[in-house]
Amino acid sequence: MKRSLAFLEISRMVITILIALLIGYIFLLFSTKDVNEALKWFLYGPLSNQRRFVEFLNNSIPIMLTGLALSLVFQAEVFNIGAEGCLFFGGFGAMLVALKFPQIPWVHLIVTLSAAALFGAAWAFVPAFLKVRWKASELVSSLMMNYIAYLLVLFMVNNYFRDKAAGALVSYRFPQTAWLATLTRYRLNSGFFIAVSAVILIGFLLYFTKYGYQIRVVGANKKFGFYSGINVGLTVFWVQLLAGMLAGLAGGIELAAMYRRFVWQSLPGYGFDGIIVAILARNNPFLVIPSALFIAYLRVGANIMSRMTGLAPEVVIVIQSVMILLITAEALLDRFKKKLIEREAMKNE
Amino acid sequence: MSNFALNFVDPAFWYSILRVSTPLLFAVMAALVSSVAGSINIGIEGMMLMAAFWGNVIGAFAKNPWVGLLAGIASAVAMALLLAFSHLKLRVNLVIAGVALNLFASGFTVFMLFALTGEKGTSASLGSQPIPKLDIPLLRAIPFLGKVLNNHNALTYIALISIFVVDYLIRKTPLGMRMRAVGENPDAATSVGVSVLRIRYLSLLLSGLFAGLAGVFLSMGYVSWFARDMTNGRGFIALAAQALGGKSAILGALGALLFGIAEATGFTLQSLRIPSEITNMIPFILTLIVLVIYARTRVRSHSRIQEI
């Protein structure tokens, strides 16, 4: 029974992905004559050489962490989509410490990444507090915090930390002690290992600890949680702070390893990609790894396609949104599911 | 600073408030008609963006702003239909569906913009067909108010009228009554023979219509080109403004005007050399404050059990 239900879930996932890719294909059909060439780069691009493969792994890191953050809050049925703002503010925190803290090897890097996580959590504090204290909708408030983070950080960076010697609007370069190492000739971001261990840690927290159980109970049924003596408000509060920490860490890792400056002049979008990663993983932290890899694969594939054929890579956003709709469509394949359950029930009689 | 105070007696300042409030007024009506029937339309932002894109592009190709207006509205209503279908038929969570719709609109418009113009920033190269401004002699004659109210974009007048139309629709018509019934207690509505499904579909489509008007105004009135992600959070600000007004169209519209004042004040502060990043923050911070005020009044009226 359980196995056939799992099979149904998987086939649903496969059908969804196929439909989404088909819609992407139709889009390409309308915008280029050589669809096969475009599709080839889109689907095979990240595997075509070693440099692109590393690019694909690097791309999965920030969305793995934001996806993890969002899967955690979605588990508690909290619609906080402020990961984007936390990531941005976390990046800012990393920059502050990287530029101002004494340059002690190792300590500097650790403090930089901790600052990123701390700033992320601080940013998540506002919607979390407003939710717990006054039941203000975390959806709207976390979104507003995204815009505020963007404007505030841009103001700070461009006015107080701008490197005038650099050609673009970027901050001063981080000192070497605050760099997160990149490996191999193609600069594989070592943050990948941090992200994977964070996934395992959070997965363990969620499925093997009392606190994790509380989160899941609150997500499944708030009233049940309340009557079984769980402090619902506090659980919901800490879940959001933890998620903010993870998102902030993502920002810190991205800057300390890939750019070594504060470079973002617009919201990078990793927080929003995290939503689709979490949904694709069905809010299961362990499944966040393959799900983030899959989304990163599509993204890098679209970028390579864009570089090789001149098409707009935004087609991948369309594909992603179709996937969100179809994966969360509870009624899809519902009839089969019902039949399956009925048949099993009959067998047991 | 005295310059700043002078602003409030300057009719041009109040004129600009009406101008920046127009998309918010429409968007608040969009939020209202769906929330009255019990569904939160997170997708307003995406519907607006889609309408802004198609309105501008089709208007430019047809060389007629009104064709553009209709195309823009049609695209937003189509998005609303997609939202309604996935929520009501496929049972997608309404919030997730709305988020997906916004994502879709943001990717789709940039993709199409690039395919049509070869540019990713704006559609300025297409040439544009803005919706004309109306010079009403009767209004022009009034001394102070004339300068505030006259010579606005045609859509601004439609926005002002639609406040009262929506107000009437919700409070006085049988359809509005059914919408409220479905929003407050779907089971009770069903028991007296109201089709919950049909009313929810209808209210979401109506919401799409107003979101479409909001979007079209942005690209064919507020400015005369489409820019990527030009809605810039207005759909969400509208949700907050609507929350402020509860189930009343008039109060919701006042909420929209409050945000309009915040935005217009931001422009004025900018001329006083306060950096644009700080002034642009005003509407978002105001939204947060309003959200808290609204939530506080609501929590007080609830019992302890409902508070969890």
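In this report, we go over the structure that sits alongside the text. (Residues numbered from 1 in each chain as written. Chains lettered and ligands numbered in written order. Predicted model: local features only at pLDDT ≥ 70, side-chain atom pairs only at ≥ 80, totals over all residues. Heavy atoms only, no water.)

### Observations concerning the overall build of chain B
Along chain B, the regular secondary structure elements total 15 helices and 2 strands. Based on the C-alpha atoms only, the size of chain B along its principal axes is roughly 55 × 45 × 40 Å. Sequence-distant contacts, at least 24 apart, represent 74% of the contacts inside chain B between residues at least 6 apart. Carbon and sulfur atoms provide 66% of the accessible area of chain B, an area that totals close to 13,000 Å². Side chains of chain B give 22 positive and 11 negative charges; the mean places of these two sets differ by 6 Å. (Helix = DSSP H or I, 4+ residues; strand = E, 2+ residues; numbered from the N terminus. Contact = heavy atoms within 4.5 Å. Areas by Shrake-Rupley, 256 points an atom, 1.4 Å probe, with all protein chains shown as cover. Lys, Arg positive; Asp, Glu negative; His and termini not counted. Charge placed at Lys NZ, Arg CZ, Asp CG, Glu CD.)

### Here's the deal with the overall build of chain A
Looking only at helices and strands, chain A has 14 helices and 2 strands in total. In summary, chain A has a C-alpha radius of gyration of 21 Å against a globular reference of 20 Å for 349 residues, a match within 12%. Reported as C-alpha extents along the three principal axes, the dimensions of chain A are approximately 75 × 60 × 35 Å. Residues classed as buried in chain A amount to 56% of the 349 residues present. Considering only intrachain contacts with a sequence separation of at least 6, the fraction spanning at least 24 residues in chain A is 77%. Here chain A displays about 15,300 Å² of accessible surface, and carbon together with sulfur accounts for 66% of that area. Taking the average location of the 31 positive side-chain charges in chain A and that of its 16 negative ones, the two points are 6 Å from each other. (Rg over C-alpha atoms; globule rule 2.2 N^0.38 Å. Buried < 20%, exposed > 50% of the residue type's maximum accessible area, 1.4 Å probe, protein only.)

### Brief notes about the nonpolar core
By size, the foremost hydrophobic cluster in this structure holds 208 residues, and its most contacted members are Phe74(A) and Phe262(A). Dropping the residues within four chain positions of it, Phe74(A) is found in contact with Phe79(A), Asn80(A), Ile81(A), Ile275(A), Ala278(A), Ile279(A) and Asn283(A). (Core = buried A, V, L, I, M, F, W, Y, C linked by side-chain atoms within 4.5 Å.)

### Examining a nonpolar patch on the surface
Residue and element names in this part refer to chain A. Together, Leu43, Tyr44, Leu47 and Phe53 make up a nonpolar patch on the protein surface, roughly 370 Å² of accessible area in all. By the secondary structure assignment, tyrosine 44 is in helix α2 (residues 35-44). Among the residues examined, tyrosine 44 registers a relative accessible area of 42% and is labelled partly exposed. (Patch = residues over 30% accessible without salt bridge, like charges linked within 9 Å, V, L, I, M, F, W, Y side chains within 5 Å. Salt bridge = Lys/Arg side-chain N within 4 Å of Asp/Glu carboxyl O.)

### So, the pattern of salt bridges
Residues and elements named next belong to chain A. Here the structure, examined in full by the defined rule, presents 8 salt bridges over all chains. Here arginine 261 and aspartate 163 are joined by a salt bridge, their closest N and O atoms 3.1 Å apart. Of this pair, arginine 261 sits in the loop between α10 (232-259) and α11 (270-280) while aspartate 163 sits in the loop between α6 (138-160) and β1 (182-183); the two residues are 98 residues apart in sequence, bridging distant segments of the chain. We note a salt bridge from arginine 299 to aspartate 273, for which the minimum N-O separation is 3.2 Å.

### A look at the interface of chain B and chain A
In this complex, chain B contributes 49 residues to the contact, which on the side of chain A involves 45 residues. Taken together, the connections running from chain B to chain A amount to 1 salt bridge. A salt bridge links Glu314(A) to Arg228(B); the shortest N-O distance between them is 3.5 Å. Across the chain B-chain A interface, the total number found is 1 residue pair in polar contact (both at pLDDT 80 or more). (Polar contact = N/O pair within 3.5 Å; in protein donor to acceptor, adjacent residues only side chain to side chain.)

### Some thoughts on the environment of Trp123(A)
All names here are of chain A. Note on placement: tryptophan 123 falls in helix α5 (residues 107-134). Classification of tryptophan 123 by relative accessible area gives buried; the value is 10%. The spacing of tryptophan 123 and tyrosine 213 is 90 residues in sequence and 25 Å in space, taken between C-alpha atoms. What tryptophan 123 contacts, discounting residues up to four positions off in sequence, is Gly85, Cys86, Phe89, Met145, Asn146, Ile148, Ala149 and Leu152. Here methionine 145 takes part through its backbone oxygen, which lies 2.9 Å from a polar atom of the side chain of tryptophan 123.

### Structural notes on helix α8 (residues 210-220) of chain A
Residues of α8(A) that are buried include every one of Gly212(A), Ile215(A), Val217(A), Val218(A) and Gly219(A), and no others. Along its buried surface, α8(A) packs onto α3 (50-75), α7 (191-208), α9 (222-227) and α10 of chain A.

### Things to note about the side chain of His108(A)
All names here are of chain A. Counting through the fold element by element, histidine 108 comes out in helix α5. Histidine 108 gets classed as buried once you look at its relative accessible area, which sits at 0%. Apart from residues no more than four positions distant in its own chain, histidine 108 is found in contact with Val97, Ala98, Phe101, Pro102, Gln103, Pro175, Thr177 and Ala178.

### Thoughts on empty space enclosed by the protein
Evaluated as defined, the whole model comprises 3 cavities of 30 Å³ or more. Of the voids in this model, the largest cavity is the one considered here, and its volume is about 70 Å³. In terms of lining residues, the largest cavity is bounded by Ala69(A), Leu70(A), Val73(A), Asn80(A), Gly82(A), Ala83(A), Cys86(A), Ala124(A), Gln240(A), Ala243(A), Gly244(A) and Ala247(A). Residue assignment for the lining of the largest cavity shows that the elements contributing at least two residues are α3, α4 (83-100) and α10 of chain A. Tallying contributions element by element places α10(A) first for the lining of the largest cavity, with 4 residues. By volume, the second largest cavity is sized at about 40 Å³. Forming the boundary of the second largest cavity are Phe74(A), Phe79(A), Ile81(A), Leu139(A), Ile275(A), Val95(B), Ile96(B) and Val99(B). The element that contributes the greatest number of residues to the lining of the second largest cavity is helix α5 (residues 94-117) of chain B, accounting for 3 residues. When its residues are assigned to classes, the lining of the second largest cavity shows 8 nonpolar, no polar and no charged. (1 Å grid on protein atoms, 1.4 Å probe; cavity = no way out; pocket = protein on both sides within 12 Å on 5 of 7 lines; lining within 4 Å. Points joined across faces, edges and corners; volume = space filled by probe spheres on them. Nonpolar A, V, L, I, M, F, W, Y, C, P; charged D, E, K, R; others polar.)

### Examining a positive patch on the surface
Among the surface-exposed residues, Arg335(A), Lys339(A), Arg343(A) and Lys89(B) lie close enough to one another that they form a single positively charged patch. Residue contributions to the positive patch peak at 3 residues, all from helix α14 (residues 334-348) of chain A. Looking at where Lys339(A) falls in the secondary structure, it is placed in helix α14. Take Lys339(A): its relative accessible area is 53%, and that puts it in the exposed class.

### A look at the environment of Leu258(B)
Mapped onto the elements, Leu258(B) comes out in helix α13 (residues 249-271). Each C-alpha atom of the pair Leu258(B) and Leu286(B) lies 9.0 Å from the other, and the pair is 28 residues apart in sequence.

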